[in-house]
Amino acid sequence: MANKSWKVLVTGGAGYIGSHTVLELLQADFEVVVIDNLSNAYKDDNNIKPECILRIEKLTNKKIVFIQCDITNLNELRDIFKKHKFHSVIHFAALKAVGESCEKPLEYYKTNVCGTLNLLKVMRDFNVKCNCTNPYGKTKYMVEEILKDLCTSNQEWSVISLRYFNPVGAHSSGQIGEDPNGVPNNLMPYIAQVSVGKREILYIYGNDYDTPDGTGVRDYIHITDLAMGHVKAMIYQKIHNSTGFKVFNLGTGKGYSVLEVIQAFEKASGQKIPYKIVERRAGDISASYADASLANKELGWQATKNIGDMCLDTWKWQQNNPNGYKR
Ligand code: UFG
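Residues numbered from 1 in each chain as written. Predicted model: local features only at pLDDT ≥ 70, side-chain atom pairs only at ≥ 80, totals over all residues. Heavy atoms only, no water.

For the record, the criterion: UniProt positions are given in the numbering used here, feature names are shortened, and annotations may be inferred rather than shown by experiment.
The name given to the protein chain in an unreviewed UniProt entry is UDP-glucose 4-epimerase, with Melipona quadrifasciata as the source organism. The UniProt entry for the protein chain carries this comment under Pathway (unreviewed entry): "Carbohydrate metabolism; galactose metabolism."

Here it is as structure tokens:
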């Protein structure tokens, strides 16, 4: 079947990773329906669609069906599946702040675990068994276990779980990007806000880790590469009629320290990023990077953008949109 008549439901499609994936799906000619509860997306009162969706429509010259809906509402989900016949589902709708999850654990389990269960229930009832997912935090493990059991129970399910490393950057147009609520939790959006003067100084959480310069090392991946990973995974399911539960890492395989990221950002932006070393952050580890060779072998996917591209596109987005999607 041509991509044009392949209808994809994207949950959480108005978020950072969701929106970039929606753009790549449209560019690959898929038909896209987005549901999102707007918990982390900006919508102007005069519009029925969030700002990022309007911008994607403009960039691609294509229309997106947008439905405001919370995945914890089973009846609303059912109504959507009654109205649309989906071929695939890509599931991004989840809460993802590590600190917040310690303060509000029940909200996290409700959205990430119960919400995913609702979605799977409706998919089963409407016989949509092609699913590509990424839940966050501790709930990630639980949901992967649930998906495994589901795939064992019925061979018709085809589920791909994509494990991300550290997604950063923005679409090269500078029109869509990451727009965190409040104080950014993550390194790159924090640096970006310092670069435009929204925050005074970056706090580096520890320089006594067992790494070459003592600061934490992570595998940063450009958001467009990550988005393409989802397109490739879905095309893989579509072409191979694959069944069962599969897991792929999406990363570059290369780690950068906090100090190296600052240096790369300063080079890309021409801005000085003042910083101060403070205590380690609870829960952080010294280094984490991906072996993405399986995604390369099976999905034919590989990261194409380097740390310079990631910083340049972050800078472009932040400069164009110092206040995110709010004009
Ligand atoms: N860091 C700072 N200062 C900051 C923010 C981060 O020094 O203001 C450091 C951290 O200590 C770490 C590195 O920058 O060494 C990266 O931190 P991020 O918060 O950007 O990323 P994490 O690796 O902690 O988080 C990633 C994902 C999260 C996910 C988490 C756990 O970005 O969404 O892994 O899986 F929840």
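That was the structure; now back to the text.
### A short note on the pairing of strand β6 (residues 158-164)
Spelled out, the test is: Any residue under 20% of the maximum accessible area for its type is buried, any over 50% is exposed, and the rest in between are partly exposed; the area is computed with a 1.4 Å probe on protein chains only. What counts as a helix is a DSSP run of H or I of at least four residues, what counts as a strand is a run of E of at least two, and both are numbered from the N terminus. Two strands are said to pair when DSSP picks up at least two bridges between them.
Along β6, six of the seven residues are buried, which leaves the element largely enclosed by surrounding structure. With seven bridges joining them, β6 and strand β11 (residues 244-250) adopt parallel strand pairing. Note that in β11 the partner of Leu-162 across the bridge is Phe-248.

### A few points about the environment of Ile-273
Definition in use: Note on contacts: a residue pair qualifies if any of its non-hydrogen atoms lie within 4.5 Å across the two residues.
Within the secondary structure, Ile-273 is located in the loop between α9 (258-269) and β13 (275-278). As for Ile-273 and Ser-195, which are separated by 78 residues in sequence, their C-alpha atoms are 6.3 Å apart. Contacts of Ile-273, omitting those with residues within four sequence positions, involve Ile-191, Val-194, Ser-195, Leu-202, Ile-262, Phe-265 and Glu-266.

### Things to note about the domain arrangement of the protein chain
Heads up, the condition is: Those domain boundaries reflect an automatic or database domain assignment. Accessible area that two parts lose when put together, with a 1.4 Å probe and added across both, is what the buried area reports. Salt bridges, as used here, are contacts in which a Lys or Arg side-chain nitrogen is within 4 Å of a carboxyl oxygen on Asp or Glu. Two N or O atoms form a polar contact when they lie within 3.5 Å of each other; inside protein one atom must be a possible hydrogen donor and the other a possible acceptor, and for residues adjacent in sequence the pair counts only when both atoms belong to side chains. The classification used treats Ala, Val, Leu, Ile, Met, Phe, Trp, Tyr, Cys and Pro as nonpolar, Asp, Glu, Lys and Arg as charged, and all other residues, Gly among them, as polar.
As far as domains go, the protein chain holds domain 1 (1-93), domain 2 (96-153) and domain 3 (162-223 + 252-322). Measuring from the centre of the C-alpha atoms in domain 1 to the corresponding centre in domain 2 gives 18 Å. Both faces considered, domain 1 and domain 2 share a buried interface measuring about 1600 Å² in area, 66% of it formed by carbon and sulfur atoms. Remark: the boundary between domain 1 and domain 2 carries one salt bridge. Between Asp-125 and Arg-78 there is a salt bridge; the shortest N-O distance is 2.9 Å. The interface formed by domain 1 and domain 2 holds five residue pairs in polar contact (both at pLDDT 80 or more) in total. A class-by-class count of the residues in the side of domain 1 that touches domain 2 yields ten nonpolar, six polar and two charged.

### Overview of the pairing of strand β1 (residues 7-11)
To keep things clear, this is the line we draw: When the strands point away from the viewer and the path from the first strand over the helix to the second turns clockwise, the crossover is right-handed.
Among the five residues that make up β1, five are buried, leaving the element largely enclosed by the rest of the structure. Side chains Lys-7, Leu-9 and Thr-11 of β1 all project onto a buried face; the interleaved residues Val-8 and Val-10 project onto the opposite face, where all are buried too. Sheet analysis places β1 next to strand β2 (residues 31-36), joined by five bridges and oriented parallel. Bridge pairing in β2 links Val-10 to Val-34. Handedness of the β1-helix α1 (residues 16-27)-β2 crossover: right-handed.

### Comments concerning unusual backbone geometry
For Asn-61, which is not glycine, the phi dihedral falls at a positive 60°. Secondary-structure assignment places Asn-61 in the loop between α2 (51-60) and β3 (65-68). Take Asn-61: its relative accessible area is 72%, and that puts it in the exposed class.

### Here we look at the UniProt feature "domain: NAD(P)-binding" (unreviewed entry) in the protein chain
Mapped onto this numbering, the UniProt entry annotates "domain: NAD(P)-binding" (unreviewed entry) at residues 9-129 and 132-311. With 49% helix and 14% strand, residues 9-129 has its two end C-alpha atoms placed 12 Å apart.

### Description of the site of the ligand
For clarity, the threshold we go by: Whether a residue is near a molecule or strand depends on its heavy atoms: if one lies within 4 Å, it is near. Using a 1.4 Å probe, the Shrake-Rupley method yields the accessible areas, and only the shown protein chains count as cover for residues.
Neighbouring the ligand are 18 residues; Leu-187, Tyr-203, Arg-218, Arg-281 and Asp-284 lie closest to it. Here Asn-185 contributes a backbone N or O atom positioned 3.5 Å from an oxygen atom of the ligand. For the ligand, the accessible surface in isolation is 690 Å², of which the surrounding protein chains cover 84%. Residues of the shell around the ligand, tallied by class, amount to nine nonpolar, four polar and five charged. Each of two domains, domain 2 (96-153) and domain 3 (162-223 + 252-322), supplies a minimum of three residues to the shell around the ligand.

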